[in-house]
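# Residue-level structure breakdown
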Amino acid sequence: GGITENEQKGLNEVTHFYGGKIKWSVGDARTGGKQYFRIEGSKSNSLDSNKQITELSAANIAVLFYKELREERGLYSEIKSVITYSDKTKIVKSYPVDNLEIVLSKMMVAMRIATILKEKKYDDLRSVLNDKNGIADYNKESLVGKIKNAEESLGQVKEFIPYGFVFVKAKNNRTVLHISGMLVREGRNNEFSVDFDATSTKDEAMFLNYKL
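These notes cover the structure that comes with them. (Residues numbered from 1 in each chain as written. Predicted model: local features only at pLDDT ≥ 70, side-chain atom pairs only at ≥ 80, totals over all residues. Heavy atoms only, no water.)

This part covers the pairing of strand β2 (residues 35-42). With respect to burial, β2 is a largely interior element, 6 of its 8 residues being buried. When strand β1 (residues 21-28) meets β2, the two strands line up antiparallel, connected through 8 bridges. Paired with Ser 25 across the two strands is Arg 38, which belongs to β2. Bridging between β2 and strand β3 (residues 76-84) involves 8 bridges; their strand directions are parallel. (Buried < 20%, exposed > 50% of the residue type's maximum accessible area, 1.4 Å probe, protein only. Helix = DSSP H or I, 4+ residues; strand = E, 2+ residues; numbered from the N terminus. Pairing = 2+ DSSP bridges.)

Here it is in structure tokens:
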């Protein structure tokens, strides 16, 4: 069978980001009577040169595709990412759509933080940072001060480009969503990441960091 216009848009997003060759297939998921959508990237210089962040790249492929879906989201229980490298090594990762929904909602907050940095409205960071989250407690005022100082020595922010995400278990059996990427600047770009409480429905972040 063929694929929908939105699914094609999703595949185009992956191709646009990574280049190389993209193949797709659909199969029956083991649970829930739904299907999985499988995307395989290969012959990509971008993926080959970023092999050290394989897990982020696989996650990014899944979310780049999934964010373009609309009614199709109800068809799938998971998106599978497959990366075949030029040395013939292959990795396969599966992402439940419930997790991808969380990522998309938290990505909006990460983008908002990038906009705050772009517009240099650093005081607005206070409303999107929760420094009493029980996982990574710190002093919000101190962090905002450090960010202001750091930003003064860095070039103007143009945009935030996500590289991917990981879910990690934290203390108290809590789950943290770590979204990593690059702040594109006039001058030198820098790595940037934002941490979220994966179970929280609030539009806030736990922490942000100038590294992947």
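Additional details are given in the paragraphs that follow.
So, on to the sheet that holds β3. Read across the open sheet, the 4 strands follow the order β1-β2-β3-β4; overall the sheet is mixed. Edge positions in the sheet fall to β1 and β4 (90-96), since each of these pairs with one other strand and no more. Within the sheet, the average angular offset between the axes of one strand and its neighbour, ignoring direction, is 20°. Here helix α3 (residues 54-66) sits on the sheet in contact with β2, β3 and β4, set at roughly 135° to β3. The sheet contacts of helix α4 (residues 97-118) involve β3 and β4, and relative to β4 the element is tilted by about 80°. (Axes fitted to C-alpha atoms, helices over the stretch in contact; angles between N-to-C directions. Contact = heavy atoms within 4.5 Å.)

Further remarks concern the sheet that holds strand β8 (residues 207-209). Remark on secondary structure: sheet strands pair via backbone hydrogen bonds, oriented parallel or antiparallel. Ordered in space as β5-β6-β7-β8, the 4 strands form an open sheet in which the pairing is antiparallel. Only two strands of the sheet have a single neighbouring strand rather than two, namely β5 (157-169) and β8. Neighbouring strand axes in the sheet, compared pairwise and without regard to direction, differ in orientation by 20° on average. Here strand β6 (residues 175-185) pairs with strand β7 (residues 190-197) via 8 bridges, running antiparallel. Within β7, the position partnered with Leu 177 by the bridge is Phe 196. Against the sheet, α3 engages β5 and β6, with an angle of about 105° to β5.

Moving on, we get to unusual backbone geometry. Backbone geometry at Lys 43 places phi at a positive 50°, although glycine is not the residue there. Along the polypeptide, Lys 43 turns up in the loop between β2 and α2 (45-49). The residue Asn 172 is not glycine, and still its phi comes out positive at about 60°. Its location among the elements puts Asn 172 in the loop between β5 and β6.

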